[in-house]
Amino acid sequence: MEKELKISSADSRKEKLWIGIPVVLLVGLLSVLIYNHHAEFTWNGFVDGFNEEFLVFFAIGVFAQLVDGTLGMGYGATSTSFLLAYGVPPVVSSTAVHVSEMFTTGASALSHHRFGNINKKLVKHLLIPGVLGSITGAYLLSDVINGDVIKPFIAVYMIVLAIIIIRKALKKTIVKKKTKRLGALAAFGGFMDSVGGGGWGPIVTSTLLGRGRNPRYTIGSVNAAEFAISFASGITFMLFGGIHGWQVIIGLILGGVIAAPLAAFLVNKIKRKPMMVAVGILIILLSLKTLSKLL
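About the cut-offs
- Residues numbered from 1 in each chain as written.
- Predicted model: local features only at pLDDT ≥ 70, side-chain atom pairs only at ≥ 80, totals over all residues.
- Heavy atoms only, no water.
- Helix = DSSP H or I, 4+ residues; strand = E, 2+ residues; numbered from the N terminus.
- Buried < 20%, exposed > 50% of the residue type's maximum accessible area, 1.4 Å probe, protein only.
- Contact = heavy atoms within 4.5 Å.
- Areas by Shrake-Rupley, 256 points an atom, 1.4 Å probe, with all protein chains shown as cover.
- Patch = residues over 30% accessible without salt bridge, like charges linked within 9 Å, V, L, I, M, F, W, Y side chains within 5 Å.
- Salt bridge = Lys/Arg side-chain N within 4 Å of Asp/Glu carboxyl O.
- Axes fitted to C-alpha atoms, helices over the stretch in contact; angles between N-to-C directions.
- Parallel < 35°, antiparallel > 145°, perpendicular 65-115°, else oblique.
- Left-handed = near helix turned anticlockwise from the far one by under 90°.
- Core = buried A, V, L, I, M, F, W, Y, C linked by side-chain atoms within 4.5 Å.
- Phe/Tyr/Trp six-rings, centres within 6.5 Å; stacked < 30°, edge-to-face > 60°.
- Lys NZ or Arg CZ within 6 Å of the ring centre and 35° of its normal.

The next point concerns the overall build of the protein chain. Counting its regular elements, the protein chain contains 12 helices and zero strands. Along its sequence from the N terminus, the protein chain presents helices and strands in the succession α-α-α-α-α-α-α-α-α-α-α-α. Among the 295 residues that make up the protein chain, the fraction classed as buried is 46%. Sequence separation of 24 or more characterises 86% of the internal contacts of the protein chain that already satisfy a separation of 6 or more. Of the roughly 14800 Å² of accessible surface on the protein chain, a fraction of 68% belongs to carbon and sulfur atoms.

Residues Y139, I235, L239 and F240 make up a contiguous nonpolar surface patch of about 410 Å² in total accessible area. In terms of residue count, the dominant contributor to the nonpolar patch is helix α10 (residues 215-241) (three residues). Counting through the fold element by element, F240 comes out in helix α10.

Locating S233 in the fold gives a position in helix α10. Take S233: its relative accessible area is 1%, and that puts it in the buried class. The residues contacting S233, other than those within four sequence positions of it, are H98, S134, A138 and S194.

Geometry of a packed helix pair, given as the angle between the helix axes and the separation of the axes. Two numbers describe how helix α3 (residues 52-71) lies on helix α4 (residues 75-86): the axes approach to 8 Å, and their chain directions differ by 155°. Compared by their axis directions, α3 and α4 come out roughly antiparallel. The way α3 lies across α4 gives a crossing that is right-handed. Between α3 and α4, the contacting residues are E53, V56, F57, I60, G61, F63, A64, Q65, V67 and D68 on the first element and Y75, T78, S79, F82, L83 and Y86 on the second.

Before going further, it helps to examine the nonpolar core. In summary, soluble globular proteins display a tendency toward joint burial of nonpolar side chains. By size, the foremost hydrophobic cluster in this structure holds 39 residues, and its most contacted members are L83, L126, W200, V204, L208, V248 and L252. Only α3, α4, α5 (90-114), α6 (120-143), α8 (182-196), α9 (200-210), α10 and α11 (246-269) provide two or more residues apiece to this core. When sequence neighbours within four positions are dropped, the list of residues in contact with L126 reads L182, A186, W200, V204, V222 and A225. In terms of nonpolar packing, the next biggest core, distinct from the first, is built from 16 residues, M158, A169, I283 and L286 among them.

Moving on: the packing of aromatic side chains. Enumeration over the complete set of coordinates arrives at three aromatic pairs. Taking 5.7 Å as the distance between ring centres and 90° as the angle between the ring planes, the aromatic pair formed by F63 and F82 counts as edge-to-face. Of the two residues, F63 is situated in helix α3 and F82 in helix α4; the sequence distance between them amounts to 19 residues. Taking the relative accessible area as the measure of exposure, F63 reaches 42% and is therefore partly exposed. F82 sits in the partly exposed class, given a relative accessible area of 40%. The cationic tip of R114 hangs over the ring face of F115; the distance from NZ or CZ to the ring centre is 5.7 Å.

In short, the description is geometric, and any link to function would need to be established separately.
Written out as structure tokens, the structure reads:
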């Protein structure tokens, strides 16, 4: 009996860590941002910021998070595409997306935990390699390589994965295969996410779904790990490039945080095959859009 109580107590502490760590990191980040940038804000500027443009950025944040939270991918690609189309400069949109993702992925991770969508063993396999790949990619993009050179290869890879996923979704039975080298997959996904401006979800989620894994737990787990990946890359980009476009950032954060619980709830309600087809179509559309800009 005493042994069972100790096990129960240990499990309870672990559960609190899954919630406590994201909360502490987000509060710490928010405190640092307020401390370092409070001089840039005035009350009149704050009030004037809540205008029609802010509502556009808020709506983009809601939509991008619904896509990412329900399909396990697409926040960066979706929000960046909308921001650039709206006329936001690339430097501002890139900074805004990376900083806002630090908050939205945290809210998404907590929401998926609340709805029981997380396979903790899978998250642990993805976490450290993904973070290392993300930091490496962010550093290299800042000082060494041109991310635009890599993007066509990522887009082609995503289209191939999308075709595999749709093909498997249309089959009557999907045979689950063991996914080998999860660490290498996570490192590659984190690296490409930083270098290409997106790709953690499309690369990691697509590969895992293509191997026949359960969409609910795959999406929930990849989203939970994405918080650490986004946090690592966001901090790295902030150290090298600073922060620009506060109105865009706040709009994306508020929209994403509000949409995160709804997205996590919808994962439980969407059936497996339609979800996989939707994931495949989304990847193809986003990849073709990327290729059309580069060719």
